[in-house]
Amino acid sequence: MSDEVRQKGAPGSAVPATVLAVNGGEIRERVDAVAAEEPLEIRVVAEVGGRRQRHGVAVTMRTPGHDFELAAGFLCGEGILTHSDEVWRIEYCDGDSVDDSDNIVEVHLQPGVEFEVEGLTRHVFTSSSCGLCGRASLEAVQIACPRAPVGTFRLHPQLLVGLPSSLREACLLYTSDAADESSRGGGGGGGGGGGGGGG
């Protein structure tokens, strides 16, 4: 890989957030570090038909930090790259219409490296329930979800505090019911077998 790999300040892997801490029924606010997760658009810049062209490959969610390694490994896993020598340089996108240039990584292939555009028609296999992974570009994400939804649903703190004990009680009941059911099932199976032998 060339020394022209350039990496500037990507967003942090953790961000400060104000949370509600519940301790012994007492609720107070405090600042905590929360793992960041943002979409990363991976692009390939390669020679196609004698011209350098830019191609969007996929959008995947990640914790910012090692974006260049992630992009190279992703392309290797998809069979687009077979060796590190095929990479000319990797850089964040500048001058793009999307404001999140730190969330767009372009992998420039060496001149002469074969690149099959048709292989990207399926936009590789990345999927998630949130609907972000699998998009071909961040612009497609912004079109599909122009603004974040506003929720009004709230949970009472006491409900959250009581969940661990409720879960333990439910697990004990489940374990007891499963053992009883297994015992009854085993006895029934043995009786059936004996009846068959007597016939």
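Residues numbered from 1 in each chain as written. Predicted model: local features only at pLDDT ≥ 70, side-chain atom pairs only at ≥ 80, totals over all residues. Heavy atoms only, no water.

**Overview of the confidence of the model for the protein**
Caution applies to low-pLDDT regions: their predicted coordinates should not be interpreted in detail. When pLDDT is averaged along the protein, the result is 74, and 62% of the positions lie at 70 or above. Segment residues 1–10: pLDDT under 50, and 27 contacts once partners within four positions in sequence are set aside and those in other chains are kept. Segment residues 188–199: pLDDT under 50, and zero contacts once partners within four positions in sequence are set aside and those in other chains are kept. (pLDDT = per-residue confidence, 0-100. Contact = heavy atoms within 4.5 Å.)

**Remarks on the pattern of salt bridges**
For the structure on display, the rule yields six salt bridges. Between Arg43 and Glu41 there is a salt bridge, and its shortest N-O distance comes to 2.8 Å. In this pair, the class of Arg43 matches that of Glu41, namely buried. A salt bridge links Glu91 to Arg89, with the nearest nitrogen and oxygen atoms 3.4 Å apart. In this structure Glu91 comes out as buried when scored by relative accessible area, which is 14%. (Salt bridge = Lys/Arg side-chain N within 4 Å of Asp/Glu carboxyl O. Buried < 20%, exposed > 50% of the residue type's maximum accessible area, 1.4 Å probe, protein only.)

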